[in-house]
Structures are given as structure tokens and as C-alpha cells.
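# An overview of the molecular structure
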There are 2 protein chains.
Amino acid sequence: MSEERLQQQIEFVLEIDKLKSVLRQSYLLSGERRENSAEHCWHTAVMALVLAEHAREPVDALRAACMLLVHDIVEIDAGDTYCYDTEAAADKAERETAAADRIYGLLPADQVGELRKLWDEFEDAATREAKFARALDRLMPLLHNYHTQGRSWKEHGITSRQVLAHNAVVSEGSEVLWQFVQELVADAVEKGYLAE
Amino acid sequence: MSEERLQQQIEFVLEIDKLKSVLRQSYLLSGERRENSAEHCWHTAVMALVLAEHAREPVDALRAACMLLVHDIVEIDAGDTYCYDTEAAADKAERETAAADRIYGLLPADQVGELRKLWDEFEDAATREAKFARALDRLMPLLHNYHTQGRSWKEHGITSRQVLAHNAVVSEGSEVLWQFVQELVADAVEKGYLAE
């Protein structure tokens with residue numbers, strides 16, 4: 001093992017500390033502050049271990065979890081694109097690919113692909129693990145919103161139609177969780193957390 | 001699938017949001033604030049994917065990562081026990097076991113063991129994945145300390161002898177990383193980040 005190889009790996013490990021300073025629109029359930037992207041990656045990864053039985057097709061839960069672990073690392077450069085911001089969505093893929101090139105590029109050459117393939121798989125949304133992981137990535141912000149009385153929805157004037165349209169993709173990963181999302185949204189409207 | 005089963009799982013998912021408010025002694029590399037335990041779980045889990053090749057014996061990197069994902073969930077009840085606080089260490093295992101009973105106990109009965117076994121395996125430190133995961137759990141705070149000029153070491157008056165004694169366990173998980181730790185500590189002393 002060369003010294004340089006380990007140094008490159010450590011440099012990557014140090015670099016991703018920055019994800020802890022990328023803020024999302026969601027608030028913690030305690031309401032004390034906005035969530036950051038590192039915490040979000042952690043939370044959704046644990047969800048994969050807990051909710052794997054609800055995937056539409058049987059999944060390797062550990063693989064889905066590890067996909068979620070790395071799914072937002074690109075936000076260190078690309079920032080968190082708010083999911084209802086259609087303008088920012090236009091060049092999101094381009095910004096995130098450039099970020100992946102730089103950040104995963106810190107690793108030793110033969111290792112870049114190995115780790116990045118988890119992110120590519122998540123982005124491609126083709127495997128059952130990726131579809132399930134993407135469902136969880138949508139579900140958690142809904143839970144945060146619902147349990148903070150729609151705080152972030154209200155701040156941005158989001159409607160239930162937008163929420164349902166954006167999160168319909170949950171059904172590709174899990175029929176059970178999509179059913180749950182629809183009930184949650186209907187209940188949020190009824191409670192006044194979300195505009196109709 | 002019963003409604004109640006999913007509700008129990010969601011309750012667990014909501015409960016662990018609290019880990020984002022458990023503060024550790026380490027500072028982010030940016031120095032802006034102390035790290036929380038959810039971020040720490042995330043960071044060490046990603047490290048498992050990046051550094052797996054340095055494990056003393058070949059490991060299942062995804063499994064080691066998922067062990068690190070959940071390794072500090074008990075701190076929601078038990079708090080983060082500072083690793084150089086010998087007084088708090090006395091009842092740490094007892095406090096953490098009670099916490100595991102309560103928190104994992106939120107899950108459906110048949111699922112408690114399934115998820116908790118990852119934590120038990122980490123705590124038992126018997127498998128090669130657990131030994132490697134434990135090495136990473138020690139390595140990351142050293143990196144945080146070193147790259148913030150020993151900020152947390154200085155605040156608590158820690159010496160290099162304490163650091164080496166506490167982290168000798170790294171060698172059980174990885175010879176390469178233990179060598180790296182020793183060099184890092186020697187360098188920290190030379191630079192004045194750490195008392196001798």
C-alpha cells in the first residue's frame with residue numbers, strides 16, 4: 001500500500017465533511033433548525049434498513065442503504081436544489097455530474113468508479129435498490145414537513161398537487177409507501193399543514 | 001402488511017431524528033460548530049466504503065458501513081460519552097443497553113433483533129467487520145482534532161499518551177490505519193496540537 005494512496009483516500013474523507021454545512025429546506029422534528037445533507041443521507045440510509053420489506057421487489061437493504069449514504073455528496077459543490085424549484089432543476093444534472101467528477105476524483109484512480117457506481121446507480125433509477133432508495137429520499141422530507149405542521153411547505157407556498165406530482169415516483173419503489181404518502185398528504189391538507 | 005406494523009416502523013424513523021441534536025466533543029473541520037452524532041455515524045459509514053481495503057482481514061464493506069450507521073443511535077437516551085471521561089465510562093454500557101432496549105423496542109417485535117444485531121455486533125467487537133468499524137469510529141475524531149489544531153484535545157487537556165492508549169484498538173481493525181494514527185499523533189505533538 002502506497003502512502004500516497006491512503007493520503008488520497010483521507011483527502012476524500014476530509015472533503016466530505018463539508019456536506020454537514022449544506023442546508024436543506026426541511027426542519028428537524030424538534031423545529032430547532034434546518035437539516036443538513038449529511039444528516040439527511042444518514043437518516044434515509046437507516047430507513048432503508050428499517051423499511052426494506054416494503055420495497056416493490058425484494059431488495060438488498062445494505063446496498064440500498066449505502067446508495068443513500070453517498071447520494072447527496074455532490075451537493076458539496078452543487079448545493080441542495082430545492083425539489084420544487086423548477087428553475088434550479090434545469091441544470092441540476094449538469095452541476096451534480098461536474099461535482100461528482102471533482103469529488104470522487106479525489107480518490108485513487110482505480111477506486112473512483114467503485115464508489116461512484118453507487119451514486120450513478122441511484123441517479124439512473126434503474127435497479128430495484130435504486131428505485132426503493134429514491135422512494136425513501138422522497139418520503140423523509142414529507143415526514144419532516146408533516147410533523148412540523150408543514151413548516152417548509154408553508155414557507156414556499158407549496159400545494160398538495162405539487163407534493164403528489166413530485167412524489168409519485170415513490171410508487172416505483174414501494175406501493176405500500178406510496179399509499180402511505182397519499183394518506184399523509186390528504187391528512188396534511190385536512191389539518192391545514194398544506195394548501196390544496 | 002398491517003397498518004400498525006408500518007406505524008411502528010415510522011415511529012422509530014421519527015424517533016432517531018433526535019440523534020441530530022446529540023452533540024459530540026469534535027468540531028467540524030470548518031470549525032463553525034461541534035459535530036452531532038448523526039453526522040458522525042454518516043461520516044464513519046462512508047469511511048467504511050472508502051477504506052475497506054485497509055482492514056486487517058477482508059471485510060464486507062457494506063456491512064461494516066451499516067454497523068456504523070446505527071452504532072450511536074443509543075446516544076439519544078444515553079448521551080455521547082466523551083471517550084476520555086473515565087467517570088462516565090463506568091456506567092456507559094448499562095446506560096446504552098437500556099437505551100437500545102427502548103429505542104429498538106419501538107420496532108415491530110420480529111424486527112427488533114434484526115436491526116439491533118448490527119449494534120450488538122459492533123459492541124461485541126468480535127467479527128472482522130466490527131473490529132474494522134470500531135477502528136474507523138476512533139480514527140475520525142483524530143482527524144477532526146488534528147485538522148482543527150487539536151481544538152477538542154486542548155479544551156480537555158488531553159495528552160498524546162491518552163490518545164495512543166485509547167486508540168490502540170485501531171490496530172485490531174487495521175494495521176495500516178494504526179500506523180497512520182501513530183504518525184498523526186506524533187505529528188500533532190510536534191506541531192503543538194497535542195500535549196506530550
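Just above sits the structure.
In this text the structure is predicted, and so the values were computed from the model without any measurement. (Residues numbered from 1 in each chain as written. Chains lettered and ligands numbered in written order. Predicted model: local features only at pLDDT ≥ 70, side-chain atom pairs only at ≥ 80, totals over all residues. Heavy atoms only, no water.)

## Observations concerning the interface of chain A and chain B
If you look at the interface, chain A gives 55 residues, while chain B gives 55 residues. Taken together, the two surfaces of chain A and chain B that pack against each other cover about 4,500 Å², and 71% of this comes from carbon and sulfur. A per-residue breakdown of the area chain A buries against chain B is headed by A:K20, A:W42 and A:V50, which together make up 16% of the total. Inspection of the chain A/chain B interface yields four salt bridges. A:E53 is paired through a salt bridge with B:R5; the nearest N and O atoms lie 2.6 Å apart. Of all elements in the fold, only helix 1 (3-15), strand 2 (34-36), helix 2 (37-51), helix 3 (61-70), helix 7 (109-124), helix 8 (128-146) and helix 12 (175-191) of chain A reach the threshold of two or more residues within the side of chain A that touches chain B. Among the elements that line the side of chain A that touches chain B, the one with the most residues is helix 2 of chain A, at eleven residues. Its residues placed into classes, the side of chain A that touches chain B shows 33 nonpolar, ten polar and twelve charged. (Contact = heavy atoms within 4.5 Å. Buried area = accessible area lost by both parts, 1.4 Å probe. Salt bridge = Lys/Arg side-chain N within 4 Å of Asp/Glu carboxyl O. Helix = DSSP H or I, 4+ residues; strand = E, 2+ residues; numbered from the N terminus. Nonpolar A, V, L, I, M, F, W, Y, C, P; charged D, E, K, R; others polar.)

## Digging into the packing of aromatic side chains
Applying the stated criterion to the full structure yields six aromatic pairs over all chains. Seen in terms of ring centroids, B:Y146 and B:Y193 are 5.5 Å apart; in terms of plane orientation they differ by 75 degrees. Their pairing is edge-to-face. Note that B:Y146 is positioned in helix 8 (residues 128-146) and B:Y193 in the segment after helix 12 (175-191), a separation of 47 residues in sequence. Positioned above the aromatic ring of A:F122, the side-chain terminus of A:R134 is 5.1 Å from the ring centre. Note that B:R151 overlies the ring of B:Y27, its terminal NZ or CZ placed 3.5 Å from the centroid. (Phe/Tyr/Trp six-rings, centres within 6.5 Å; stacked < 30°, edge-to-face > 60°. Lys NZ or Arg CZ within 6 Å of the ring centre and 35° of its normal.)

## Description of helix 2 (residues 37-51) of chain B
Residue and element names in this part refer to chain B. With 15 residues, helix 2 ought to run about 21 Å at 1.5 Å a step, and its terminal C-alpha atoms sit 21 Å apart, in line with that. Where burial is concerned, most of helix 2 is hidden: 15 out of the 15 residues are buried. Among the residues of helix 2, the N-terminal cap falls to N36, whose side-chain oxygen and the backbone nitrogen of A38 are separated by 3.0 Å. (Expected span 1.5 Å × (residues − 1). Buried < 20%, exposed > 50% of the residue type's maximum accessible area, 1.4 Å probe, protein only. Polar contact = N/O pair within 3.5 Å; in protein donor to acceptor, adjacent residues only side chain to side chain.)

## Here we look at the pairing of strand 1 (residues 23-27) of chain A
Residues and elements named next belong to chain A. Bridge analysis of strand 1 against strand 2 gives two bridges, and the strand direction is antiparallel. Bridge pairing in strand 2 places Y27 opposite R34. Between the end of strand 1 and the start of strand 2, which pair antiparallel, lie six residues, with G31 showing a positive phi angle near 80 degrees. (Pairing = 2+ DSSP bridges.)

## Here's the deal with the pattern of salt bridges
A complete count under the given rule lists 38 salt bridges over all chains for this structure. Residue A:E35 pairs with A:R24 through a salt bridge whose shortest N-O separation is 3.1 Å. You can see A:E35 sitting in strand 2 and its partner A:R24 sitting in strand 1, a full eleven residues away along the chain. Exposure remark for A:E35: the relative accessible area of 0% places this residue in the buried category. A salt bridge links A:D120 to A:R116; its shortest N-O distance comes to 3.5 Å. Of the two residues, A:D120 and A:R116 are both situated in helix 7; the distance of four residues between them amounts to about one turn of the helix. Residue A:R116 is classed as buried on the basis of its relative accessible area, which comes to 15%. Three or more residues are tied together by salt bridges with common partners; here these are A:D17, A:K20, B:R24, B:E35 and B:D80.

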